[in-house]
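Secondary and tertiary structure notes
Residue-level listing of the chains:
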Amino acid sequence: MGAGCSLSRLVKVPGAVAAAPSGPSPNGHFHRSRQCLCIGGTLIDLRKPDSGKLIVEALLRVQEPAARRPGTNITNQVNSRSTSLTKSSGTSVSKPSVGGNKAGGDTGSKGKSKRPPWDLKGRLQDMEALVKNSAEERENLLHKFMDYDMRIESLELEKRSLNQNLEKTQSVSQATRDEVDRLASNLRNEQDGRSADKRKYESTIQDLEFSKATLERQIKTLEAELSARQDELAGLKSTVSHLTSAHAGIEARLSSTKIMLDDRSKRVSELESQVATQKDTIEDLEKKMREGENVRRKLHNTVLELKGNIRVFCRVRPLLGEEIKGNGDSDVIHHISFVDEKTLELCKGGDPNSSTMSGLKGRGGGAIEFSYDRVFNPTSTQAEVFEEISQLSQSALDGYNVCVFAYGQTGSGKTFTMEGIHGDEALEGMIPRTVKHIFRTLKDLEDKGWTYKVEASFLEIYNETIRDLLATPKEAKNLTYDLKLVDSKKNDTFVTNLKVVEVENESRVHHLLTLAQQQRAVAATNMNERSSRSHSVFRLKLTGHNSKTLESCEGNLNLVDLAGSERLKESGSEGARLTETQNINKSLSNLGNVIMALGQKQGHIPYRNSKLTHLLQNSLGGNSKTLMFVNVSPLEMCFGETLNSLRFATKVNQCHIGTATKQIRK
């Protein structure tokens, strides 16, 4: 069936049966829904397996004549219907009937004789053919019904779409009418406004005409003025003639000036020649200066090597506050005497160890003499102390590894020596003074072609655990810090995950130092109200490159503030403080063992026995210029700890670790 068929068009069914896609048929015998079919008042469920047979029977009942003719029976009616259905479907039965047509009986279709009543087998075959044809017709009807349903649904969708389009069109039409009304209203308003503009322009035209008349009057005035100016011009021409004569005199002077200029040009050429000669001389001098700088570095390194690989400075702090009162209001230290700049004596009567110490000079009355590379008395200033170590910072810039660490009992002034008091220039410690010195030197080296990259890091070793003092607690929360060797062939070590900050000026470094001081572990003990409970290590990595000589170097400057040693009995430490004291004393004891092994040239040096010695392995192992401050307390009650510190410093001063090598960056 074509797609354009009307819904009201009927479908012809064999046997004169008519059906519509849905609803009742015109003859009133057929009614159909999607799952049921009503024929002649009989409702047939199309979902049942025997629905085909039921449809055939219903069709036979509907096609049965209103009144049977006399002499016909149900068998003849079936034959007649079978013949009619067979003809409509194009099927003919060729089997001849027996006995032919009888008078008074029903006649079949043309070319087909009526079967006799006794031919039951033939009649049964006709019934089977009829049922088969009915089943095929049923399938055809079902397919047509499904096509009609799909077409109905499609047409309904199309109808809804058309209704929606119609509503949109009506809406657009209404909006268009509203827009037309609005534009008509605007047009009327615009016309009203234009009438006002018209009146305005007419008024403007009148004003312009008045202005025209005024300008014409002004033109006449200007013409009169022009006549006066022409007369004035005649007078100016006369003046020009006088100026022309003056110009001739100026040209004469100009010619003489040109002659002088030629002489000056010759003089300039001579001066340029002299400048070129001076440039060559300057380049030669700069070359000699660079060579002299290299010689200076070599001599500087030689001087430091002659002074010793591990140099030891001793510093005794002054008595403070209550300590002076306890000393009879006197700041004189009675048990320590300063012989000269390199020697001091420790005196206490009846000391049993005063005459049995190896490498120490004993005197009568219990006096013990100690000699170091430099001894600073209580009146020595921070500036005087730094003057002695400034050469080491220069070595770091020259590409050497440098280490400066402060050793001594708690309360002896180690942190004051290394860090000082921030904001007081006179009391600044070695770390801020070294930073200032380095950045001042960097500016001077720029003229010689050197540029440096400066990187800073700051850590502490607390209870044998490394902590990053430049990282915030949030940054360091999930990080672990381990010591690793940079190269298995060398003693260089580095700390994993340690925060390294590039610094451009000294103020940036001071900011980092302030941040580190706030995070460092300190606590009060019986020996010191603000005792450092960890070893701190501040490191500056200096990477330099000379654009003129193409030379590169890399130096490291380590400034170490060791935690103070103290006796457990005297410190009164308990709980966490006790654990801290034990770890501090253990790490310092391991440091002493390493120094002893180095001094005795042992094959195995126990660097890995503590995090401190492992970290300082490069500084103690021969590839660094090392300086140790031994800080001494002025209190006589600390005599035992002072004696131990000075003995340890003597061992360090007697230790030779080898020659430091310059780190050339490739």
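Parameters at a glance
- Residues numbered from 1 in each chain as written.
- Predicted model: local features only at pLDDT ≥ 70, side-chain atom pairs only at ≥ 80, totals over all residues.
- Heavy atoms only, no water.
- Helix = DSSP H or I, 4+ residues; strand = E, 2+ residues; numbered from the N terminus.
- Contact = heavy atoms within 4.5 Å.
- Phe/Tyr/Trp six-rings, centres within 6.5 Å; stacked < 30°, edge-to-face > 60°.
- Buried < 20%, exposed > 50% of the residue type's maximum accessible area, 1.4 Å probe, protein only.
- Patch = residues over 30% accessible without salt bridge, like charges linked within 9 Å, V, L, I, M, F, W, Y side chains within 5 Å.
- Areas by Shrake-Rupley, 256 points an atom, 1.4 Å probe, with all protein chains shown as cover.
- Salt bridge = Lys/Arg side-chain N within 4 Å of Asp/Glu carboxyl O.
- Lys, Arg positive; Asp, Glu negative; His and termini not counted.
- Charge placed at Lys NZ, Arg CZ, Asp CG, Glu CD.
- Pairing = 2+ DSSP bridges.
- Axes fitted to C-alpha atoms, helices over the stretch in contact; angles between N-to-C directions.
- Parallel < 35°, antiparallel > 145°, perpendicular 65-115°, else oblique.
- Left-handed = near helix turned anticlockwise from the far one by under 90°.
- Nonpolar A, V, L, I, M, F, W, Y, C, P; charged D, E, K, R; others polar.
- pLDDT = per-residue confidence, 0-100.
- Expected span 1.5 Å × (residues − 1).

To continue, consider the overall build of the protein chain. Across its full length, the protein chain carries 13 helices and 23 strands. Looking at the protein chain alone, contacts between residues at least 24 apart form 67% of all its contacts between residues at least 6 apart.

With that settled, consider the packing of aromatic side chains. What the rule picks out here adds up to 6 aromatic pairs. Ring geometry for Phe-313 versus Phe-629: centroids 5.8 Å apart, planes at 75°, classification edge-to-face. One end of the pair, Phe-313, is in strand β7 (residues 310–316); the other, Phe-629, is in strand β23 (residues 625–632), and 316 residues separate them in sequence. Taking the relative accessible area as the measure of exposure, Phe-313 reaches 0% and is therefore buried. Aromatic side chains Phe-370 and Tyr-372 sit 6.5 Å apart centroid to centroid with 5° between the ring planes, which places their arrangement in the stacked category. Grouping residues by exposure puts Phe-370 and Tyr-372 together as buried. Taken together, the ring pairs connect Phe-313, Phe-376 and Phe-629 into an aromatic cluster.

Once that is clear, we can look at a negative patch on the surface. Side chains of Asp-280, Glu-283, Asp-284 and Glu-286 sit close together on the surface and give a patch of like negative charge. For Glu-286, the position within the fold is in helix α3 (residues 120–307). A relative accessible area of 31% means that Glu-286 is categorised as partly exposed.

Most peptide bonds take the trans form, and the phi angle of most residues other than glycine is negative. In this model, Asp-329 sits at a positive phi of 55°, which is unusual for a non-glycine residue. Examined against the element boundaries, Asp-329 turns out to sit in the loop between α4 (322–326) and β8 (336–340). Assessed through its relative accessible area of 62%, Asp-329 is described here as exposed. Of note, the phi angle at Asn-497 is positive, near 65°, even though the residue is not glycine.

Let us now look at the pairing of strand β15 (residues 465–468). Side chains Ile-466 and Asp-468 project from β15 onto a buried face, and the interleaved Thr-465 and Arg-467 project onto a face without burial. Relative to β15, strand β14 (residues 450–462) runs antiparallel, the two sharing 4 bridges. Note that in β15 the partner of Glu-460 across the bridge is Arg-467. What sits between the antiparallel neighbours β14 and β15 is a turn of 2 residues, in which Asn-463 has the positive phi angle 50°.

Bringing the packing of helix α5 (residues 382–397) against helix α7 (residues 430–446) into the picture now. How two helices pack is summed up by the angle between their axes together with the distance between the axes. Running from N to C, α5 and α7 cross one another at 50°; their axes reach a closest spacing of 9 Å. One way to sum up the angle between α5 and α7 is to call them oblique. The way α5 lies across α7 gives a crossing that is right-handed. Across from Gln-382, Ala-383, Val-385, Phe-386, Ile-389, Ser-390, Ser-393, Gln-394 and Leu-397 in α5, the residues of α7 making contact are Met-430, Arg-433, Thr-434, His-437, Ile-438, Thr-441 and Leu-442. A breakdown of the residues in the contact of α5 with α7 according to their chemical character gives 8 nonpolar, 7 polar and 1 charged.

Another aspect to go through is the confidence of the model for the protein chain. On average, residues of the protein chain score 78 in pLDDT, and 76% of them are at 70 or above. Scored below 50 in pLDDT, residues 65–79 shows 18 contacts in the model against residues more than four places distant or in partner chains. Segment residues 350–359: pLDDT under 50, and 12 contacts once partners within four positions in sequence are set aside and those in other chains are kept.

Attention now moves to helix α10 (residues 576–599). With 24 residues, α10 ought to run about 34 Å at 1.5 Å a step, and its terminal C-alpha atoms sit 35 Å apart, in line with that. Positive backbone phi, at 55°, marks Lys-601, one or two positions downstream of α10.

The next point concerns helix α13 (residues 639–653). If you check α13, its first and last C-alpha atoms are 21 Å apart, about what 15 residues at 1.5 Å a residue would give, namely 21 Å. All of the buried residues along α13 are Phe-639, Glu-641, Thr-642, Leu-643, Ser-645, Leu-646, Phe-648, Ala-649, Thr-650 and Val-652. Looking at the buried residues of α13, the elements they touch are β7, β9 (343–347), β11 (367–371), β13 (401–408), α10 and β23.

What the rule picks out here adds up to 15 salt bridges. Between Glu-179 and Arg-182 there is a salt bridge whose closest N-O contact spans 2.1 Å. Taken together, the residues span about one helical turn, with Glu-179 and Arg-182 both in helix α3 at a distance of 3 residues. By relative accessible area, Glu-179 is classed as partly exposed at 33%. Residue Arg-182 is classed as partly exposed on the basis of its relative accessible area, which comes to 40%. The structure contains a network of salt bridges with shared partners spanning Glu-190, Arg-194 and Asp-197.

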